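Chain residues, written in single-letter form:
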Amino acid sequence: MEEELRVRLNDHHQVSKIFPVKPKSTAKPVSKSESTESRYWSSFKPHSIPNLVSSVSALAFSPVHPHSLAVAHSTTVSLFSSHTLSVSRRFSFRDVVSSVCFRSDGALLAASDLSGVVQVFDIKERMALRSLRSHKAPARFVKYPFQDKLHLVSGGDDGVVKYWDVAGATVISDLLGHKDYVRCGDCSPVNDSMFVTGSYDHTVKVWDARVSKWMAEINHGSPVEDVVYLPSAGMIATAGLNSVKVWDLIGGGKMVCSMESHNKTVTSLCVGRMGLDESAENRLVSVALDGYMKVFDYGRAKVTYSMRFPAPLMSVGLSPDSSLRVIGGSNGMVFAGKKKHAEKKQTSVMSFWSVNSQVEESRRRALRPTYFRYFQRGQSEKPSKEDYLVKESKGVKLTRHDKLLKKFRHKEALVSVLEDKKPANVVAVMEELVARRKMIKCVSNLEEGELGLLLSFLHKYCTVQRYSVLLMALTKKVLEMRAEDINGKEEFKGILRNLKREVNQEIKIQQSLLEIQGVIAPLMRIAGR
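Quick caveat: nothing in here was measured; it's all calculated off a predicted structure.

Caption draft 1: A look at the sheet that holds strand 24 (residues 292-297). Ordered in space as 22-23-24-25, the four strands form an open sheet in which the pairing is antiparallel. Edge positions in the sheet fall to strand 22 (266-273) and strand 25 (302-308), since each of these pairs with one other strand and no more. Ignoring which end each strand starts from, the neighbouring axes of this sheet average 20 degrees apart. One ladder, built from six bridges, connects strand 24 with strand 25; its direction is antiparallel. Residue Phe296 lies in a different strand from strand 25, and its bridge partner there is Val303.

Caption draft 2: The arrangement of the state of the cysteines in detail. Considering all chains together, one arrives at zero disulfides under this definition. Left unpaired, Cys101 is separated from the closest cysteine sulfur, that of Cys187, by 7.9 Å.

Caption draft 3: Summary view of helix 8 (residues 448-461). The terminal C-alpha atoms of helix 8, which comprises 14 residues, lie 20 Å apart, in line with the 20 Å expected from a rise of 1.5 Å per residue. Considered for burial, the residues of helix 8 that qualify are Glu450, Leu451, Gly452, Leu454, Leu455, Phe457, Leu458 and Tyr461. In this structure, the buried residues of helix 8 make contact with helix 5 (410-420), helix 6 (423-436), helix 7 (439-445), helix 9 (468-481), helix 10 (483-487) and helix 11 (490-528).

Caption draft 4: Summary view of the packing of aromatic side chains. In the structure shown here, the tally under the stated rule is 10 aromatic pairs. A ring pair is formed by Phe93 and Phe121, whose centres lie 5.3 Å apart and whose planes are at 70 degrees; its orientation type is edge-to-face. With Phe93 in the loop between strand 5 (87-92) and strand 6 (97-102) and Phe121 in strand 8 (residues 117-122), the pair connects residues that are 28 residues apart, well separated along the chain. Between the NZ or CZ atom of Lys205 and the centre of the ring of Trp214, over which it lies, the distance is 4.3 Å. Lys339 extends its terminal NZ or CZ atom over the ring of Phe44, reaching a point 5.6 Å from the ring centre.

Caption draft 5: Quick peek at the confidence of the model for the protein. In this model, the protein carries a mean pLDDT of 82, and residues with pLDDT of at least 70 account for 87%. The weakest mean pLDDT in the protein belongs to helix 1 (residues 2-10) at 49; the strongest belongs to strand 18 (residues 226-229) at 93. Scored below 50 in pLDDT, residues 7-17 shows 21 contacts in the model against residues more than four places distant or in partner chains.

Caption draft 6: Quick look at the sheet that holds strand 16 (residues 203-208). With respect to topology, four strands assemble into an open sheet ordered 14-15-16-17, the strand pairing being antiparallel. Pairing within the sheet leaves two strands with one partner each, and these edge strands are strand 14 (182-187) and strand 17 (213-219). Going from strand to strand, the sheet's axes swing by 25 degrees on average, the running direction of each strand aside. When strand 16 meets strand 17, the two strands line up antiparallel, connected through six bridges. Counted as the bridge partner of Asp208 is Lys213 from strand 17.

Caption draft 7: Structural view of the pairing of strand 21 (residues 254-259). As paired elements, strand 20 (residues 243-248) and strand 21 share five bridges and run antiparallel to each other. Its bridge partner being in strand 21, Val246 is matched across the sheet by Cys257. Connecting strand 20 to the next strand, strand 21, in antiparallel fashion are five residues, including Gly252 with a positive phi near 90 degrees.

Caption draft 8: Structural detail: the nonpolar core. Leu414, Met430, Met439, Leu454, Phe457, Leu471 and Val478 are the most contacted members of the largest nonpolar core, which totals 35 residues. For this core, the elements supplying multiple residues, two or more each, are helix 4 (400-406), helix 5, helix 6, helix 7, helix 8, helix 9 and helix 11. With seven residues, helix 6 is the largest single contributor of residues to this core. Met430 has contacts with Leu414, Met439, Leu454, Phe457, Leu470, Leu471 and Leu474, leaving out every residue within four places of it along the chain. Residues Tyr40, Cys270, Val295 and Phe309 belong to the second largest nonpolar core, which totals 16 residues.

Cut-off values and rules
- Residues numbered from 1 in each chain as written.
- Predicted model: local features only at pLDDT ≥ 70, side-chain atom pairs only at ≥ 80, totals over all residues.
- Heavy atoms only, no water.
- Pairing = 2+ DSSP bridges.
- Helix = DSSP H or I, 4+ residues; strand = E, 2+ residues; numbered from the N terminus.
- Axes fitted to C-alpha atoms, helices over the stretch in contact; angles between N-to-C directions.
- Disulfide = S-S within 2.5 Å.
- Expected span 1.5 Å × (residues − 1).
- Buried < 20%, exposed > 50% of the residue type's maximum accessible area, 1.4 Å probe, protein only.
- Contact = heavy atoms within 4.5 Å.
- Phe/Tyr/Trp six-rings, centres within 6.5 Å; stacked < 30°, edge-to-face > 60°.
- Lys NZ or Arg CZ within 6 Å of the ring centre and 35° of its normal.
- pLDDT = per-residue confidence, 0-100.
- Core = buried A, V, L, I, M, F, W, Y, C linked by side-chain atoms within 4.5 Å.

Here it is, written out as structure tokens:
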């Protein structure tokens, strides 16, 4: 290696063409481009609703436009406008509110609290219509069945699921079967009589109100925190500990997939639609105490999006028109995200004259190759699909050492790149000088200050594995050629001592690696057999 370097350093060579000196390329991590899913969920503009005193235990959207948002926090249910996120109404309770839901027409609001009472409110009149008292322990969830305006389903820590007649404020049936606290439930989106409940006894039961008993049972394997129906009503999703599982009810309660991407307990689930188009897909959204929101594509059984929030998360909701995403935190904040929808075109009846004026306006604004305005377009004008784009070749921008190399001022190029203190560029220039066989001449012509720069660089990087092949041989050559200059100055002696220490340390490291290699090599051969 030394002989080859010496020959290349001493020979003379004339360069006919100059190219920019570039460091050797290194492997770079492959970064995936942003997916359509990520762009969709990232497009929600963040808003926050602070000062709600305590943890946000439940969220619900009105099923009718304008989809008001009900937020349960402490002993209050606050009603927010989905457009301005401002409070329009408040309903007070005697105890902490655990669940809230709207009736199918959006006129009534039902909520349960930890005293075991389920209350029904008229939103427009701001008054309580019914107080349903039958639970002997805290009531944990309440739901209106799909399109049913006369009944309610509730469950609580007494382990009983109750089916209510709201008008008569009476219990139609007590549904028994769970052996522990009933913490969650959901109603079928296609059948008024079918609903599911989840309990801390690790089971999810499917009920039919017409027969007053459970029809199917699913074991989640851990205490169930939340359960939701998927839009087809043939599958449900359950959450318990750090796992979210999807089950096929039509297939006999068979588990379709299990996703364990959270680090702490999953607290809430909801199903949302990615847009209003008919082709838009549904996604399962979960939040957990680890502060993460995860979006699941349950058709492909994979997590498609993840987002972190600055507090443990307790509840989540997506508006029916996919314009608002809300997440309730344990610190009393509601993390909302609003999506901007394109304004819908108004289909109103217009007169003949207004239509005619619009046609004339569109003709006037049109650009054609025969118009003078066509040739006066600015640089910001976007090309159309029919345009042929001619890409202008950009000139190569040379750095200072490249310009010096172009003028064959080799020593100045070396000094310039040493002053920049970028090791990759310095080594690239040195390799170029070696290729031109001018390195020895540059080293011999360096002044004391410039020689100090070179020695400092060699001391710092000669043991770096990426550069050591060239720099170790160059270090030896510099010490041989400039020995008198180095011995004559105390500063250079200090650099030399440090360089010697670095080289000795590198030799010890290499010896240790060889010893390790000697131990591992026989083991690898045995494993290969």
